[in-house]
Amino acid sequence: MTEAQAGGIEPTIIPRDQHAISRSQISERALTVLYRLKNAGYGAYLVGGGVRDLSLGREPKDFDVATDATPDEVKALFRNCRLIGRRFRLAHVHWGPEIIEVATFRALSPPPADDDGGDRVVEDGMILRDNIYGTIEEDALRRDFTINALYYNIADFSVVDYAGGMADLQAGRLRLIGDPAVRYREDPVRMLRAVRFAAKLGFTIDAGTAEPIPRMADLLDDIPPARLFDEVLKLFMAGQGVETFEALRQHGLFRYLFPASDTALDDDEHGQLITFIARALESTDRRVNEERPVTPAFLFAALLWPAILAQLPGGRLQPGVDRELFEQSVTEALERQLRQVAIPKRFAMPMREIWALQPRFDTRSEKKAKRLFSHPRFRAAYDFLLLRGEAGLVDRELADWWQEYTTSSADAPPPTPPRRRRRGGRRRNGTSGSASPADGDRG
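Structural notes, computed from the coordinates. What you see is a predicted model; the values in this text were computed from it and never measured.

The rules behind the values
Residues numbered from 1 in each chain as written. Predicted model: local features only at pLDDT ≥ 70, side-chain atom pairs only at ≥ 80, totals over all residues. Heavy atoms only, no water. Helix = DSSP H or I, 4+ residues; strand = E, 2+ residues; numbered from the N terminus. Buried < 20%, exposed > 50% of the residue type's maximum accessible area, 1.4 Å probe, protein only. Contact = heavy atoms within 4.5 Å. Areas by Shrake-Rupley, 256 points an atom, 1.4 Å probe, with all protein chains shown as cover. Core = buried A, V, L, I, M, F, W, Y, C linked by side-chain atoms within 4.5 Å. Pairing = 2+ DSSP bridges.

Before going further, it helps to spend a moment on the overall build of the protein. When helices and strands are counted, the protein shows 20 helices and twelve strands. Here the protein holds 443 residues, and 53% of them are scored as buried. A separation threshold of at least 6 residues defines the contact pool for the protein, and within that pool the share at least 24 residues apart is 71%. A total accessible area of about 20000 Å² is found for the protein, and carbon and sulfur atoms account for 46% of it.

A separate point is the nonpolar core. Judged by nonpolar contacts, the single largest core of 108 residues is most densely connected at Phe236, Trp305, Met351 and Trp355. The greatest single-element share of this core, amounting to twelve residues, is contributed by helix α15 (residues 296-309). Phe361, Phe373, Leu398 and Tyr405 belong to the second-largest nonpolar core, a separate cluster that totals 16 residues.

Tracing the backbone shows Gly392 in the loop between α19 (378-390) and α20 (396-408). On a C-alpha basis, the gap between Gly392 and Phe276 in space is 8.2 Å, while along the polypeptide they are 116 residues apart. Not counting residues up to four positions away in its chain, the partners in contact with Gly392 are Gln272 and Arg316.

Across the two faces of strand β9 (residues 150-153) the burial is the same, with Leu150 and Tyr152 and Tyr151 and Asn153 all buried. The sheet contact formed by strand β2 (residues 44-47) and β9 spans three bridges and is antiparallel. Bridging from a neighbouring strand, Tyr45 pairs with Asn153 of β9. Across four bridges, β9 lies against strand β10 (residues 158-161) in antiparallel orientation. Looking at the pairing, Leu150 lines up with Asp161 of β10. Between β9 and β10, which pair antiparallel one after the other, the connecting turn spans four residues, and Phe157 there sits at a positive phi close to 65°.

And the structure:
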């Protein structure tokens, strides 16, 4: 039994004059939710990433609320509320594109057998469904990392800390709450989240939190491919893709996301494939941080390119490659990948087009180049070619010829102009990060 279950845990209460969070930094819609819950007699707290980021002087991407009101009670307070989720029942309060997520405090342990007031399913230590409600103390210790278990209390503007999260924030330390092995078994995606948060915040992963990851990484094989697709987007489309890639490789996680590519990287004697992926991620990070369009199609095309090359003679795309052999390599690499991480067709199709255009760049004919310019995927494929050239995976003179010709030709399509991102909470489609999967083709 934990201290929280025994009722003996005492939180650290950080008063308003000792923390950095101000209501002026919080979304007006989130404040509306917090105050309506409070005025109805419920506990109302800003929680998770919003509190973490505001405490670090960062702008949160969304604002989540925790309360002792049940989802049905939240829905009764807001006409614009929808209840979602089976694994975790949540309330989403909608205002146009902004969504404030409201979660009810969850319990640490299941109710007695004769209590039908909750719903929890655990299989082999993994939590498949959990809708048993509890106290704020239990909810805090149910959260994954200490820095995500800070609660901003709208009643008195204090920050409530049950897990030492504020000290970890100040130390730049990422630490799991509870036994890491148990927590990773409950939800193996926490291993990916550890890498993502450390890269995003520039934090060090606590030694006890990091130690079990390499030997437990194979638990990711039990995660549905569709969920891993969402996690890959969070990992690589937030502006810290290079650091994230390096950490995934360091902790033995990348192989469970991109197994064939990881094997190819292990066999990369001259480091050209790693350089290629690093350059692609640098380019994507730059576009994300400049608020320019990014699409998962280009990202996945780069991450899977080593898997395709590994099946070609000499491990390279040689001039005059047999088109049928190349297409077979593409198909096999993609089929294997889809068993691990799902890639929706709306991204898989343009990704395949980016690959299919690569052999067509093996020309210095202006006539053929002009025809290639007309392809709707030319700009993304051309960017891909330049990255191959930077990594030494294609004749540098060929890449330079295309760069000069594209720069000087009136037929070349112009780069996609920068586009500002919308600010605020979650969007209707459930994505809210630095770059939306709906963003258009790579400039």
